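What the coordinates show
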Amino acid sequence: MRFNNRIYEMKDAGTDVITMSLGEAFFDISMPSFEGMSSASLHHYSHSRGVPLLRQKLAKHSSVDSGLTVDPDSEILVTAGSKLAIYMALTAVLEPGDEVIIPEPAWVSYPDQVRMCRGVPVMVPMHVGYEDLATYITPRTRAIVVNNPHNPTGRRLGEAELRSLHDLAEKHSLFLIADEAYSEFLPEGEQFVTTDQFDPERRHTIVCRSMSKNYGISGWRIGYLIANRRLIEQINKLQQHIVTCAPTILSCYLAENYDMLRETTRPQISRVVDLRNRMAGELAARDIGCLPGDSTFYLFASLGDSRLNSEDFAAALLGRHKVAVVPGVGYGGTCDRFIRVAVGAEPEERLLRGIDAIASTIAATS
Ligand code: PLP
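Residues numbered from 1 in each chain as written. Predicted model: local features only at pLDDT ≥ 70, side-chain atom pairs only at ≥ 80, totals over all residues. Heavy atoms only, no water.

Looking at the ligand, there are 14 residues lining it, with Asp-179, Tyr-182, Ser-210, Ser-212 and Lys-213 nearest. One of the side-chain nitrogen or oxygen atoms of Asn-151 is found 2.8 Å away from an oxygen atom of the ligand. In the environment of the ligand, an oxygen atom lies 2.6 Å from a nitrogen or oxygen atom belonging to the side chain of Ser-212. Relative to its free-state accessible area of 400 Å², the ligand is covered by the protein chains to the extent of 92%. (Near = heavy atom within 4 Å. Polar contact = N/O pair within 3.5 Å; in protein donor to acceptor, adjacent residues only side chain to side chain. Areas by Shrake-Rupley, 256 points an atom, 1.4 Å probe, with all protein chains shown as cover.)

Spelled out as structure tokens, the structure:
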């Protein structure tokens, strides 16, 4: 966010910045029209678990994804973005002093959200595989947070990894908080393997999803949680005291136009994921390695032989070439040899200029 603010300031001052730092993809979607919808209800609070029609649509979509039924009346809660969904999930399950296992690279908000719940984030270094997470479990461990597909690497968890995470959760009575904010950013023809697929009774899995990235509407602040009835009841109490409900007018619009929005964004998602994978090739052609991944619109690119740490590298890139990326250290102390490159907000020709600038900054600082 510090980098983004600097970029906003540079742009305001008239500087042309190639923005490969932004955490969203820009889609071409039509302006919402509320014409014909009942204004009597649109302007007011709505059901704290979410507008019923939207819950039905989301439950249906999720059921198709996982092959599991989601009860729209008791197992789903719509809220003001998945950031809040994750925070409320953590608040619901943590007692002060409880530990939460967070594998690096980790999205910046997880450790701070855990601290805000008086919990203790246990960061797992990036070279540790999911199969070795058990070594981080203590009697105080309460939950594991996973992000699938993953920001910043673009990696999807495979069935074997998901199964072993569930075995771990079952064996040690842990919650598995699955952040699936990028659930639809997959290569063409790929089917998403959702986390709750391996926990059909939803004994320990809390899935947090978002409209922000999948439908290019991050400013609408709508996301949702899927969990068992008891947890949803508890999380609903938090929701009632924090935001009352997700934005009513936008929830109603989404409910009415959900299928249209998905159809509009699906081909655009395919294009951006394809672009991501082509840019991985462009980085590789310049000897810049990335952590494995094929989904989302992110690449976690290695700084190779550069002497600079990720913050200094990002600052040099911005200062010398007016190219913005995110320093890897934001994703954990073990990620300082990487930068996050996002391809969702710039046309291909500018991305290529940005990649050339990354390559020449690595060469100039090696
Ligand atoms: N999870 C991840 C991994 C993210 O990258 C983001 C946003 O950048 C979010 C969750 C939060 O998204 P939102 O609150 O807009 O749904």
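Attention shifts here to the pairing of strand E5 (residues 141–147). Within E5, six of the seven residues are buried, leaving the element largely enclosed by the surrounding structure. Note: strand E3 (residues 99–103) against E5, three bridges, orientation parallel. Across the sheet, residue Ile-101 finds its bridge partner in E5, namely Ile-144. Here E5 pairs with strand E6 (residues 175–179) via five bridges, running parallel. In the strand pairing of E6, Ile-144 is matched with Leu-176. In terms of handedness, the path from E5 via helix H6 (residues 159–171) over to E6 forms a crossover that is right-handed. (Buried < 20%, exposed > 50% of the residue type's maximum accessible area, 1.4 Å probe, protein only. Helix = DSSP H or I, 4+ residues; strand = E, 2+ residues; numbered from the N terminus. Pairing = 2+ DSSP bridges. Right-handed = clockwise from strand over helix to strand, strands pointing away.)

The terminal C-alpha atoms of helix H7 (residues 229–242), which comprises 14 residues, lie 20 Å apart, in line with the 20 Å expected from a rise of 1.5 Å per residue. The complete set of buried residues in H7 reads Leu-231, Ile-232, Ile-235, Asn-236 and Gln-239. End-on, the buried residues of H7 take up no more than an arc of 140°, which puts them together on one face. Across H7 from its buried face, at more than 90 degrees, point the exposed residues Arg-230 and His-241. On its buried side, H7 packs onto strand E2 (76–79), helix H4 (82–93), E6, strand E7 (205–210) and strand E8 (223–226). (Expected span 1.5 Å × (residues − 1). Arc of directions from axis to C-beta. Contact = heavy atoms within 4.5 Å.)

The antiparallel open sheet is built from three strands, whose spatial order is E9-E12-E11. Each edge of the open sheet is held by one strand with a lone partner, namely strand E9 (298–302) and strand E11 (326–327). In this sheet, strand E12 (residues 338–342) lies alongside E9 in antiparallel orientation, the contact comprising five bridges. In the strand pairing of E12, Ser-302 is matched with Phe-338.

A common way to state how big an interface is: give the accessible area lost once the parts meet. As assigned here, the chain comprises domain 1 (2–23 + 261–364) and domain 2 (45–256). At the junction of the two partners, domain 1 supplies 28 residues and domain 2 supplies 27 residues. In total, domain 1 and domain 2 occlude about 2,300 Å² of area from one another, counting both sides; carbon and sulfur atoms represent 62% of this. Its largest share of buried area at the contact with domain 2, domain 1 owes to Arg-262, Ile-269 and Tyr-331, together 24% of the area lost on that side. At the boundary of domain 1 with domain 2, the tally comes to two salt bridges. Here Arg-262 ties to Glu-184 by a salt bridge, and the two come within 3.4 Å at their closest N and O atoms. The tally of links between domain 1 and domain 2 comes to 17 residue pairs in polar contact (both at pLDDT 80 or more). Considering every element that reaches the side of domain 1 that touches domain 2, the biggest residue donor is helix H8 (residues 248–285), with nine residues. For the side of domain 1 that touches domain 2, the class distribution of residues is 13 nonpolar, eleven polar and four charged. (Domains from an automatic or database assignment. Buried area = accessible area lost by both parts, 1.4 Å probe. Salt bridge = Lys/Arg side-chain N within 4 Å of Asp/Glu carboxyl O. Nonpolar A, V, L, I, M, F, W, Y, C, P; charged D, E, K, R; others polar.)

Next up on the list: the pattern of salt bridges. In total, this model carries 20 salt bridges according to the counting rule given. Glu-170 is paired through a salt bridge with Arg-203; the nearest N and O atoms lie 2.4 Å apart. A residue pair is termed long-range when its members are at least 10 positions apart, and Glu-170 in helix H6 and Arg-203 in the loop between E6 and E7 qualify at 33 residues.

If you want to describe how two helices pack, look at the angle between their axes and the distance between the axes. Contact geometry for H4 and H7: axes closest at 9 Å, N-to-C directions at 115°. Classified by chirality, the crossing of H7 by H4 is right-handed. Contacts between H4 and H7 involve Leu-84, Met-88, Ala-89, Thr-91, Ala-92 and Val-93 from the former and Leu-231, Ile-235, Leu-238, Gln-239 and Ile-242 from the latter. The residue makeup of the contact of H4 with H7, split by class, is nine nonpolar, two polar and no charged. (Axes fitted to C-alpha atoms, helices over the stretch in contact; angles between N-to-C directions. Left-handed = near helix turned anticlockwise from the far one by under 90°.)

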